[in-house]
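Each chain, written out:
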Amino acid sequence: MPDGRTRRRDDTRQRLYDAAMELIAEHGFSATTVDDIAVAAGVAKGTVYYNFPSKNALFEALLRHGVGLLTADFRAAVAAADTPPEQAVGLIRAELAYIQRHRSFAQLLLSEMWRTNREWHQTLHLLRDEAVGVIADVLRRGADEGYFDAGLDVRMAAAALFGVCLVVAVDWLVFEPDRTLESVQDSLVAVIRARVGI
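Quick caveat: nothing in here was measured; it's all calculated off a predicted structure.

Caption draft 1: Fine view of the overall build of the chain. A count of helices and strands for the chain gives nine helices and zero strands. When its helices and strands are written in sequence order, the chain yields α-α-α-α-α-α-α-α-α. Its C-alpha atoms give the chain a radius of gyration of 18 Å, near enough to 16 Å, the size a compact globule of 198 residues would have. With respect to the three principal axes, the spread of C-alpha positions in the chain is 55 × 40 × 30 Å. Put simply, the chain shows about 10,400 Å² of open surface, and 53% of that area lies on carbon and sulfur atoms. For the chain, the distance from the average site of its 22 positive side-chain charges to the average site of its 27 negative ones is 5 Å.

Right, here's the structure in full:
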């Protein structure tokens, strides 16, 4: 069990992550300063630098934190279902629910995936591969066990499923926020089922 100091440090880092996420999603990385992040998190500027050596380091840690949480949600969804089709539906729900909870992070992820000139691009690439890898494992097992088309390009299908959920979730939350998660999930599953057979 973490001691008081560890808990305080984790709480401070979470506040910094939340502040950075909101600010960068709204204003962009370049326009967001360490001062802005400190004020939004309710801490001194020195506290930011105590936890992270630079704004870039904070942002890279934020990416690790956010994608790590999503990957953990994916693994939990897979563990909670028995067959690959049920697991695939669980993965869709997990990604939609995650983005509903962490909308600003989804906006960041979507924009940063297009930028290849950032120093954290390689980190983001590895993190994305880890998350997509969980989906790929489910699709591969489903193809091997006869649930899905044996000729399915598993890696491409996993990337497509990840990307479709990301874009659909952002579109839902921006343009149709009154829709329920369940209705978005059901509509998305119906579309994907027609192509993959989940």
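From this point, the discussion proceeds with the structure in view.
Caption draft 2: Region of interest: helix α5 (residues 84-101). Over its 18 residues, α5 runs 25 Å from end to end, which matches the ideal 26 Å to within 8%, given 1.5 Å per residue. Taken residue by residue, α5 has P84, P85, Q87, A88, L91, I92, A94, E95, L96, A97, Y98 and I99 as its buried positions.

Caption draft 3: Highlighting the confidence of the model for the chain. Looking at the chain as a whole, the pLDDT averages 90, with 97% of positions reaching at least 70. α5 holds the highest mean pLDDT among the elements of the chain, 96, whereas helix α6 (residues 103-112) holds the lowest, 80.

Caption draft 4: Region of the structure containing the packing of helix α4 (residues 55-79) against helix α7 (residues 121-144). Look at α4 against α7: their axes get within 9 Å of each other, and the N-to-C directions meet at 5°. Considering their axes alone, α4 and α7 lie roughly parallel with respect to each other. Judged by residue contacts, E60, L63, R64, V67, T71, F74, R75 and V78 of α4 engage T123, L124, L127, R128, E130, A131, V134, I135 and V138 from α7. Along the lines of polarity and charge, the residues of the contact of α4 with α7 split into ten nonpolar, two polar and five charged.

Caption draft 5: Region of interest: helix α8 (residues 154-175). Over its 22 residues, α8 extends 31 Å from the first C-alpha to the last, a length consistent with the 32 Å expected when each residue adds 1.5 Å. Restricting attention to buried positions, one finds in α8 the residues V154, A157, A158, L161, F162, C165, L166, A169, V170, W172 and L173.

Caption draft 6: Structural view of the pattern of salt bridges. Using the criterion set out here, one finds ten salt bridges in the structure. Where K45 meets D35, a salt bridge forms, and the shortest distance between an N and an O atom there is 3.5 Å. Of this pair, K45 sits in helix α3 (residues 45-51) while D35 sits in helix α2 (residues 34-41), placing them ten residues apart in sequence. What makes K45 partly exposed here is its relative accessible area of 39%. Close ionic contact of R101 with D73 constitutes a salt bridge, the shortest N to O distance being 2.7 Å. Here R101, found in helix α5, pairs with D73, found in helix α4; they are 28 residues apart in sequence, far enough to count as distant. Through salt bridges with shared partners, one network takes in R128, D129 and R155.

Caption draft 7: Here's a closer look at the packing of α5 against α7. Across the interface, α5 lies against α7 with an axial gap of 9 Å and an inter-helix angle of 155°. In terms of axis orientation, α5 runs roughly antiparallel to α7. As for the relative orientation of α5 and α7, their crossing is left-handed in sense. Residues P84, Q87, A88 and L91 of α5 form the contact with α7, whose own contacting residues are V134, I135, V138, R141 and G142. Class assignment for the residues of the contact of α5 with α7 results in six nonpolar, two polar and one charged.

Caption draft 8: Just the packing of aromatic side chains, in detail. Taken as a whole, this structure holds three aromatic pairs when the rule is applied. With 5.9 Å between their ring centres and 50° between their planes, Y17 and F52 make a pair best called tilted. Residue Y17 is located in helix α1 (residues 4-27), and its partner F52 is located in the loop between α3 and α4; the two are separated by 35 residues in the primary sequence. You'll find Y17 and F52 in the same group, each marked buried. Arranged with centres 6.3 Å apart and planes meeting at 85°, the rings of Y98 and F105 form a pair that is edge-to-face. On the basis of relative accessibility, which here comes to 2%, the residue Y98 falls in the buried class. We classify F105 as buried; its relative accessible area is 1%. For the cation-ring pair, K55 lies above F29, with the distance from its terminal atom to the ring centre recorded as 4.2 Å.

What counts, and where the lines are drawn
- Residues numbered from 1 in each chain as written.
- Predicted model: local features only at pLDDT ≥ 70, side-chain atom pairs only at ≥ 80, totals over all residues.
- Heavy atoms only, no water.
- Helix = DSSP H or I, 4+ residues; strand = E, 2+ residues; numbered from the N terminus.
- Rg over C-alpha atoms; globule rule 2.2 N^0.38 Å.
- Areas by Shrake-Rupley, 256 points an atom, 1.4 Å probe, with all protein chains shown as cover.
- Lys, Arg positive; Asp, Glu negative; His and termini not counted.
- Charge placed at Lys NZ, Arg CZ, Asp CG, Glu CD.
- Expected span 1.5 Å × (residues − 1).
- Buried < 20%, exposed > 50% of the residue type's maximum accessible area, 1.4 Å probe, protein only.
- pLDDT = per-residue confidence, 0-100.
- Axes fitted to C-alpha atoms, helices over the stretch in contact; angles between N-to-C directions.
- Parallel < 35°, antiparallel > 145°, perpendicular 65-115°, else oblique.
- Contact = heavy atoms within 4.5 Å.
- Nonpolar A, V, L, I, M, F, W, Y, C, P; charged D, E, K, R; others polar.
- Salt bridge = Lys/Arg side-chain N within 4 Å of Asp/Glu carboxyl O.
- Left-handed = near helix turned anticlockwise from the far one by under 90°.
- Phe/Tyr/Trp six-rings, centres within 6.5 Å; stacked < 30°, edge-to-face > 60°.
- Lys NZ or Arg CZ within 6 Å of the ring centre and 35° of its normal.

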